[in-house]
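# Architecture at a glance
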There are 2 protein chains.
Amino acid sequence: MKISAKAEYAVRAALELAAAAGSGAPLKAEAISRAQEIPAKFLESILLDLRRADLVRSQRGAVGGYWMAKEISEVTIADVIRAVDGPLAYVRGERPEQVEYAGAAEHLAGVWVALRASIRAVLETTTLADVLEGSLPDPVRMLVADPESWAPH
Amino acid sequence: MKISAKAEYAVRAALELAAAAGSGAPLKAEAISRAQEIPAKFLESILLDLRRADLVRSQRGAVGGYWMAKEISEVTIADVIRAVDGPLAYVRGERPEQVEYAGAAEHLAGVWVALRASIRAVLETTTLADVLEGSLPDPVRMLVADPESWAPH
DNA sequence: ATAATCCCCACCGAATCCATAGGAAATATC
DNA sequence: GATATTTCCTATGGATTCGGTGGGGATTAT
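This report concerns the structure included in the present document.

Our focus in this paragraph is the environment of Ile77 of chain A. All names here are of chain A. Within the secondary structure, Ile77 sits in helix H4 (residues 77–85). Residue classification places Ile77 among the buried positions, given a relative accessible area of 0%. In the structure, Ile77 is positioned 63 residues away from Ala14 in sequence and 9.1 Å away in space, judged by C-alpha atoms. Once residues within four sequence positions are removed from consideration, Ile77 is found in contact with Val11, Leu123, Thr126, Leu128 and Val131.

In structure tokens:
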């Protein structure tokens, strides 16, 4: 249950692109690298993934760079993470709904499915625009507002 | 965002122990290994983790084995996973509430905290007894009942 | 004594993670 | 057209984690 460095970099890079959306000019990889302190060559491969997922567009050359391919209020954090890391949640290499259990563990698959659903409930409802403005969706905001959410367990 | 083989084995092993709770006799590692098809030596190290976390007790010798140290309705899936894998969720090696962001990513920490909270909402409310009986907590059951939860996205 | 079982540490191969290197292709400017 | 700039793409590499195994010691009941 961890967010990989790659996924986290990807979200931060996407947020930089989201912030630059509407500026008219493309944003260079080097500028993103500096702004978010992401290793330059690693970022390059991440931006390639994002482009292949049709989340961003790019242009080469002297005035080249990257920009968001969609409305930033239409791109969710889940979209960005899936673009670089694949499926959000899996159990021992398989999708949660595909694992089968015997005996005492018979009903365990339901737990994994519920877990994935609750992860989706956060990541698929929160858009780049939401994070940029600091105005998260209401259910997500409620979780953030609860001091218990910030405490280690 | 994946459930490790070790964590999944641990939960299944715990469920076997939960099923055997009240039988009076300890359950041997070898029996758990057979029932859930978990590699014997790997299971051994898992049971050791569970014992060190005070979730199970053990006895050596001819009539030895393992049994739950607590009421199975008091042990959550989160307890079991933490015993073998450490913290439920972390971002680039740190706890979600500890990462700091600059510029466009300023509000990103809130998303990770909400994500962890939603994971906890499932794993900390679901107990071994719940899974054993197939009667998950109401909010979790609602997620499981939604067909959308079972569909790949 | 003996047999069974858990305890514990060391190790190992493979996969994954986090990058880095180096050049080819495209684009704008002079 | 030459040049500078930037993205595109493949290959590679070190470190760490993951999944699993081996072997011997400690404890317990018979």
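On to the nonpolar core. Trp112, Leu123 and Leu128 of chain A together with Trp112, Leu123 and Leu128 of chain B are the most contacted members of the largest nonpolar core, which totals 103 residues. With ten residues, the single largest contributor to this core is helix H1 (residues 5–20) of chain B.

In the vicinity of DNA strand D lie 26 residues, with Ala29, Glu44 and Ser58 of chain A together with Lys41 and Arg60 of chain B positioned nearest. Here the atoms of DNA strand D within 4 Å of the protein split so that 65% fall in sugar or phosphate, with bases taking the remainder. In the environment of DNA strand D, a phosphate oxygen lies 2.8 Å from a nitrogen or oxygen atom belonging to the backbone of Ala29 of chain A. Here a base oxygen of DNA strand D and a side-chain polar atom of Lys41 of chain B are 2.2 Å apart. At the level of elements, helix H3 (40–52), strand S2 (56–59) and strand S3 (65–68) of chain A together with H1 and helix H3 (40–52) of chain B are the ones that each hand at least two residues to the surface near DNA strand D. Looking at the surface near DNA strand D, the element that brings in the most residues is H3 of chain A, giving five residues.

So, on to unusual backbone geometry. For Asp54 of chain A, which is not glycine, the phi dihedral falls at a positive 65 degrees. Relative to the helices and strands, Asp54 of chain A resides in the loop between H3 and S2. One non-glycine residue, Arg92 of chain B, lies in the positive phi region at around 50 degrees. One can find Arg92 of chain B in the loop between strand S4 (90–91) and helix H5 (108–123). For Arg92 of chain B, a relative accessible area of 37% corresponds to the partly exposed category.

Each value, and the rule that gives it
- Position numbers for residues count from 1 along each chain, tracking the sequence in the order it is written.
- The naming scheme follows written order: chains are lettered A onward, ligands numbered 1 onward.
- It should be noted that, the model being predicted, local features are given only for residues of pLDDT at least 70 and side-chain atom pairs only at 80 or more, the latter also being counted only at that level, while totals for whole chains, interfaces and linings use all residues.
- Note that water and hydrogens are dropped before the side-chain values are worked out from all heavy atoms of the structure.
- The secondary structure listing takes helices from DSSP runs of H or I that are at least 4 residues long and strands from runs of E that are at least 2 residues long, numbered from the N terminus.
- Accessible area is worked out with a 1.4 Å probe on protein chains only. A residue is then buried under 20% of its type maximum, exposed over 50%, and partly exposed in between.
- Working rule for contacts: check all heavy atoms of both residues, and any pair within 4.5 Å makes them a contact.
- Nonpolar cores are built from buried Ala, Val, Leu, Ile, Met, Phe, Trp, Tyr and Cys residues. Side-chain atoms within 4.5 Å join them into one set.
- Any residue with a heavy atom positioned within 4 Å of a molecule or strand is treated as near that molecule or strand.
- Side-chain atoms alone can form a polar contact between residues adjacent in sequence; in general such a contact is a pair of N or O atoms within 3.5 Å, and within protein one must be able to donate a hydrogen while the other accepts it.

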